[in-house]
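Notes for the structure review
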Amino acid sequence: MGAHLIDSALFGDQFSTAAMRRVFDDAAMVRSWMQVEAALARAEAAVGLIPRSAADTISTCVAQTTWDPAALAAGIAATFHPLVPAIRLLAEHCGEAGAYVHWGATTQDIMDTGLVLQLRDAAALLQADMQALRRAWGELAVRHREVSMPGRTHGQHAPPVTFGYKVAVWVAELDRHLERLDACLPRLLVGQLAGASGTLASFGPHGLEIQRLMLEDLGLGVPPICWHTARDGLAEFVGLLGMLGATLAKAALEVIHLQATEVAEVEEPFVWGKVGSSTMPHKRNPMICELIVALGRIVRQDAALALDTMVQEHERDMAAWQAEWEYVPRACLLTASALSHSLRVAQGLRVDTARMRANIDLSGGLALSEPVMLELGHHIGRQEAHEVVYRICMAVVDGGGSFRQALLDDPAVSAHLSPAQIDALLQPERYLGAAPACVDRVVASSAPAHTLPQAAG
């Protein structure tokens, strides 16, 4: 039984996904460290710093050894050091070659590079889920490109939009996040090998060559200089997850509002047995969307934490660095969950097109005051037309009655607009502007499909 919601047997699949948990579980973390140790040994052997036979043995041991979590945990408790117990166990498994394990490296070199290997896998999962959601939202937008619904500004009805247009706004925002991820990856997927103070002094004259060979072996970028206390790459990535989580939360919040009883234009997926309330049997609450909003809130705070931990001291600052061990995986896990649930909502969203159209009429035509004003403005000027239509609208709002009839009865309007013209101006379907065309333009655009670097060999 997990102690945190992410790995909870009860709630783990609400706050994470099985695939992303496998990327960041203990076995994956230790495996990434060992991959780095093996690549380091091979690079050192290539320049003659350690014997080739030792590198071969270390690589074989890394590939064949199953690491005992209990032994590692006991070692960490005894040493209060995150990596030394794993180094000791690897060295023991390697026999005489164990003398060359971890030669010249510092703990942060191994753990930073190991984390980057995990983030490469995490980014691939996130990218695939983002693209799947993009397709689902795109299909939803196209299906409803001409379905008129109330536009809403300041919580009040505005001129109509289409539901497809609303969803296409989400698609365009998601596309920009895909572009940001594509741009971020070359800065994120950079390994680390620098030694105690970051100067590579422990590797002698071959330091830069060993660094290059090791990181190329792992399929990672080579940094121009040590980044032990330069954490902008991680901050950029977690900040991007915060932005992505905000987009998902915004879309989910719109579904929540549109599912309100008084609105009832959409409903998140419902299956028989889904319970909205333990005490009110009638409730069909938007609980999936509420979870997405909650996840987004947490990840946005992780983004702030990532900015905070960019502020580090001198050549190593473990007080800041250790915080990354917790919040970087968490941000990935929560974002993966938010994407998974957003895809579920997109694929199963119930859309009541008749209710959308009916809701436009709740204001009795007042939501179409703008086209009336603009058409009247062709005859008496825009500002005077605004004053005339404003006066009529406020009278209808305060006294009730029909906006159409009030327009027909007002001499300032009837002198210029015929009943047929007024009727045409009050038809929502005639005032959708470029909404359908914008849907087509957004959905037709192609988001980047970056190919993540893979480890050589």
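See the structure shown above.
A brief structural summary. (Residues numbered from 1 in each chain as written. Predicted model: local features only at pLDDT ≥ 70, side-chain atom pairs only at ≥ 80, totals over all residues. Heavy atoms only, no water.)

With that settled, the discussion passes to the packing of helix α3 (residues 26-46) against helix α9 (residues 207-218). Look at α3 against α9: their axes get within 8 Å of each other, and the N-to-C directions meet at 135 degrees. By the angle between their axes, α3 is oblique relative to α9. As for how α3 packs across α9, the hand of that crossing is right-handed. Here Q35, V36, A39, L40, R42, A43, E44 and A46 of α3 lie close against α9, whose contacting residues are I210, L213, M214, D217 and L218. (Axes fitted to C-alpha atoms, helices over the stretch in contact; angles between N-to-C directions. Helix = DSSP H or I, 4+ residues; strand = E, 2+ residues; numbered from the N terminus. Parallel < 35°, antiparallel > 145°, perpendicular 65-115°, else oblique. Left-handed = near helix turned anticlockwise from the far one by under 90°. Contact = heavy atoms within 4.5 Å.)

This next bit is on the packing of aromatic side chains. This structure, assessed with the given rule, holds 3 aromatic pairs. On the numbers, 5.1 Å between centres and 90 degrees between planes, the contact of W321 with W325 is edge-to-face. Taken together, the residues span about one helical turn, with W321 and W325 both in helix α12 (residues 318-348) at a distance of 4 residues. Overall, W321 belongs to the buried group, its relative accessible area being 3%. (Phe/Tyr/Trp six-rings, centres within 6.5 Å; stacked < 30°, edge-to-face > 60°. Buried < 20%, exposed > 50% of the residue type's maximum accessible area, 1.4 Å probe, protein only.)

Take the layout of surface pockets next. Taken as a whole, the second largest pocket holds about 320 Å³ of empty space. Counting only elements with at least two residues in the lining of the second largest pocket, the list comes to β1 (148-153), α8 (163-188) and α10 (232-258). Counting residues per element, the lining of the second largest pocket draws most heavily on α10, which supplies 5 residues. Among the residues making up the lining of the second largest pocket, the classes are represented as 8 nonpolar, 2 polar and 4 charged. (1 Å grid on protein atoms, 1.4 Å probe; cavity = no way out; pocket = protein on both sides within 12 Å on 5 of 7 lines; lining within 4 Å. Points joined across faces, edges and corners; volume = space filled by probe spheres on them. Nonpolar A, V, L, I, M, F, W, Y, C, P; charged D, E, K, R; others polar.)

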